[in-house]
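Structural description and commentary
Each chain is listed here by its residues.
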Amino acid sequence: MSIIKLLTSSVGRKILMAITGLLLAFFMAFHLFGNLFLFVGEEAFNAYVNKLHQLGFLIRIAEFFLVLFVGSHAYSGILLWIKNRKAKKVVSSYSKENTPSAARSAAFTGSIVFVFLATHWSTFWYKFNFDLQGMSYYYVVTESSVGFGSPAVSIFYIIAIALLGYHLKHGIASAGQTLGIVGTKYESIYDNLAAIFWFWIPLGFISIPVWFGFLVRII
Amino acid sequence: MNVNLKIWRQGSDSDKGTLKAYRLENIDPNISFLEMLDILNIKLVKEKKDPVAFDHDCREGICGSCGFMINGRPHGPQKATTVCQLHMRAFNNEDDILLEPFRAESFPVIKDLSVDRKSFDRIISSGGYVSTNTGEAPEANSISIEKEYADEAFLSSACIGCGACVAACKNSSAMLFTSAKVSHLSLLPQGQKEGKDRVAKMVATMDEEGFGSCTNTGACSAECPKEIGQINIARLNQEYISSSLSGFLKKKDG
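Everything in this summary refers to the structure shown in the same document. Note that this is a predicted model, so its numbers are computed, not measured.

1. Digging into the overall build of chain A
Looking only at helices and strands, chain A features 10 helices and zero strands. The order of α-helices and β-strands along chain A, N terminus first, is α-α-α-α-α-α-α-α-α-α. In terms of overall dimensions, chain A has C-alpha extents of about 55 × 40 × 35 Å along its principal axes. In chain A, which comprises 219 residues, the proportion classed as buried is 42%. Expressed as a percentage of contacts within chain A between residues at least 6 apart in sequence, the contacts between residues at least 24 apart total 73%. Of the charged side chains in chain A, 16 are positive and 8 negative; the average position of the first set lies 19 Å away from that of the second.

Dropping the structure here:
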């Protein structure tokens, strides 16, 4: 089988989605690790971001791959979605009873996450890299109008991350099936790790706007 | 018991179908669902009306001929049961029962509740076979098979190819069917010779036939009258990955 044939078949596209999806989930874990420096304090967080900046072109290469993964994940997803829509004829009495809603809504939650990513890049990423205007990184995140200084940004962030978790709830289980991990001796380890990625990591991300956007102002 | 039926009537795939209402009274709750439709058809013929077309053959739940949507679920409300094995006692007196054909672009409607599932046959003929010598039947014990594998292969082979998985799937994917056939053959020593090519060919045919892709919702297994498990799809994926990896290593020769 040629690589073109592999990557353009329905199963091949799914494999591509599974691999890129899992790599992005791993990136999320790394991203959260950095974000949690916010709780350590202003200096720790600023120092961490400065360290990343010192890596220079390595970060640019990593960013290139992240965009490539997001792009190919979304591209395959859209192509499969179109194929699936074409394949189905409507049954007026069609019962959704046996199709879990996390699976049914994966394309929708994925689209919202994509919109979120676009705003995330155009605000945090752009500001951090090109438009700091003398503010500290910590200030941009916790106080500025593109960060959690704005309740609207905080609320959108919380909703988007919650949907991302829901997307991953189906996505990670689905990737296990697509990569053939289900039914092997690694299945139970994989299932246990899945909960970290779809529940605990998104919860970690959500804790940041909840704390800096709301709780810290109330207390 | 009395039932109020609403049945999809459609002359052919190009026709626009409609739902028509029929009422049957004094039905014995212990007759099968298809016998109830026989009673309806006898009545329709006597009234010189067009009887309802539906597929059926063995009526023992093993041939895979029957199947349509009952209240939005393939083969009706009872778990692990084909339509022919479903009885009227699964319903209540005065129930509304909605019958529609299995719907998918790859299953064109022949008439009413009967759909053309030749796309399944084409998937099978593209790879669902084993090479064997003709002549006398070989000695059964010459190939030993571990019990675990034999049992797993048997579970996969229970697929009757009725198409309920496609009808249950929100994407009209034929992955459960295809994976059951791939698993059944690849688990057994006789099927391993063509193993690598089989999965590639069958997936290619499945895609060509216009079935959707699998999004791992599990609706197919939940509705399957033979309870074919999701493990088959994982196995197909494993086979597919190893098939494509071995393809990269293989040298091109002519």
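Alright, that's what it looks like, and here's the rest.
2. Quick notes on helix α1 (residues 33-46) of chain B
The periodicity of an α-helix, 3.6 residues per turn, causes residues three or four positions apart to be oriented the same way. Residues and elements named next belong to chain B. Across its 14 residues, α1 extends 20 Å between first and last C-alpha, which sits within 8% of the 20 Å expected from 1.5 Å per residue. Inspection of α1 places Phe33, Leu34, Met36, Leu37, Leu40, Asn41 and Leu44 among the buried residues, and these make up the whole buried set. Viewed along the axis of α1, the buried residues span an arc of 150°, placing them on a single side of the element. Looking at the packing, one finds that the buried side of α1 touches β1 (3-9), β2 (18-24), β3 (69-70) and β5 (95-100). Of the residues flanking the end of α1, it is Lys48, one or two places downstream, whose phi is positive at about 60°.

3. Description of the packing of aromatic side chains
Think of a pair of aromatic rings as described by two things: how far the centres are apart, and how the planes are tilted against each other in angle. Tallied over the full model, the rule gives 25 aromatic pairs over all chains. Ring centres of Phe148 of chain A and Tyr157 of chain A lie 5.0 Å apart, and the angle between their planes is 80°; this geometry places the pair in the edge-to-face category. For the cation-ring pair, Lys169 of chain A lies above Trp198 of chain A, with the distance from its terminal atom to the ring centre recorded as 5.5 Å. The ring of Trp8 of chain B carries the charged tip of Arg103 of chain B above its face, separated from the ring centre by 4.2 Å.

4. Details of the nonpolar core
Of all hydrophobic cores here, the largest spans 38 residues; its most connected members are Phe107, Phe120, Ile123, Val166 and Phe211 of chain B. Among the secondary structure elements, those contributing two or more residues to this core are α2 (10-35) of chain A together with α2 (118-127), α4 (164-168), α5 (175-186), α6 (195-208) and α8 (231-249) of chain B. For this core, the element with the highest residue contribution is α5 of chain B, accounting for five residues. If sequence neighbours within four positions are ignored, Phe120 of chain B has contacts with Phe107, Gly161, Gly163, Cys165, Val166, Ala174, Phe177 and Phe211 of chain B. Met28, Phe124, Tyr190 and Ile201 of chain A belong to the second largest nonpolar core, which has 35 residues in total.

5. Description of the sheet that holds β1 of chain B
All names here are of chain B. The five strands lie next to each other as β2-β1-β5-β3-β4, forming an open sheet whose pairing is mixed. Strand pairing shows two members of the sheet lacking a second neighbour, β2 and β4 (73-74), which therefore form its edges. Examined bridge by bridge, β1 and β2 share seven bridges and lie antiparallel to one another. Its bridge partner lying in β2, Trp8 is registered against Leu19.

6. Description of the interface of chain A and chain B
At the interface, 39 residues of chain A touch 50 residues of chain B. Taking both sides of the interface into account, the surface hidden between chain A and chain B amounts to around 3500 Å²; carbon and sulfur atoms contribute 54%. Taken together, the connections running from chain A to chain B amount to three salt bridges. Asp13 of chain B is the salt-bridge partner of Lys89 of chain A, the closest N and O atoms lying 3.2 Å from each other. Remark: the boundary between chain A and chain B carries 25 residue pairs in polar contact (both at pLDDT 80 or more).

Reading the values: rules and limits
- Residues numbered from 1 in each chain as written.
- Chains lettered and ligands numbered in written order.
- Predicted model: local features only at pLDDT ≥ 70, side-chain atom pairs only at ≥ 80, totals over all residues.
- Heavy atoms only, no water.
- Helix = DSSP H or I, 4+ residues; strand = E, 2+ residues; numbered from the N terminus.
- Buried < 20%, exposed > 50% of the residue type's maximum accessible area, 1.4 Å probe, protein only.
- Contact = heavy atoms within 4.5 Å.
- Lys, Arg positive; Asp, Glu negative; His and termini not counted.
- Charge placed at Lys NZ, Arg CZ, Asp CG, Glu CD.
- Expected span 1.5 Å × (residues − 1).
- Arc of directions from axis to C-beta.
- Phe/Tyr/Trp six-rings, centres within 6.5 Å; stacked < 30°, edge-to-face > 60°.
- Lys NZ or Arg CZ within 6 Å of the ring centre and 35° of its normal.
- Core = buried A, V, L, I, M, F, W, Y, C linked by side-chain atoms within 4.5 Å.
- Pairing = 2+ DSSP bridges.
- Buried area = accessible area lost by both parts, 1.4 Å probe.
- Salt bridge = Lys/Arg side-chain N within 4 Å of Asp/Glu carboxyl O.
- Polar contact = N/O pair within 3.5 Å; in protein donor to acceptor, adjacent residues only side chain to side chain.

The quantities given are spatial measurements derived from coordinates; they are silent on function.
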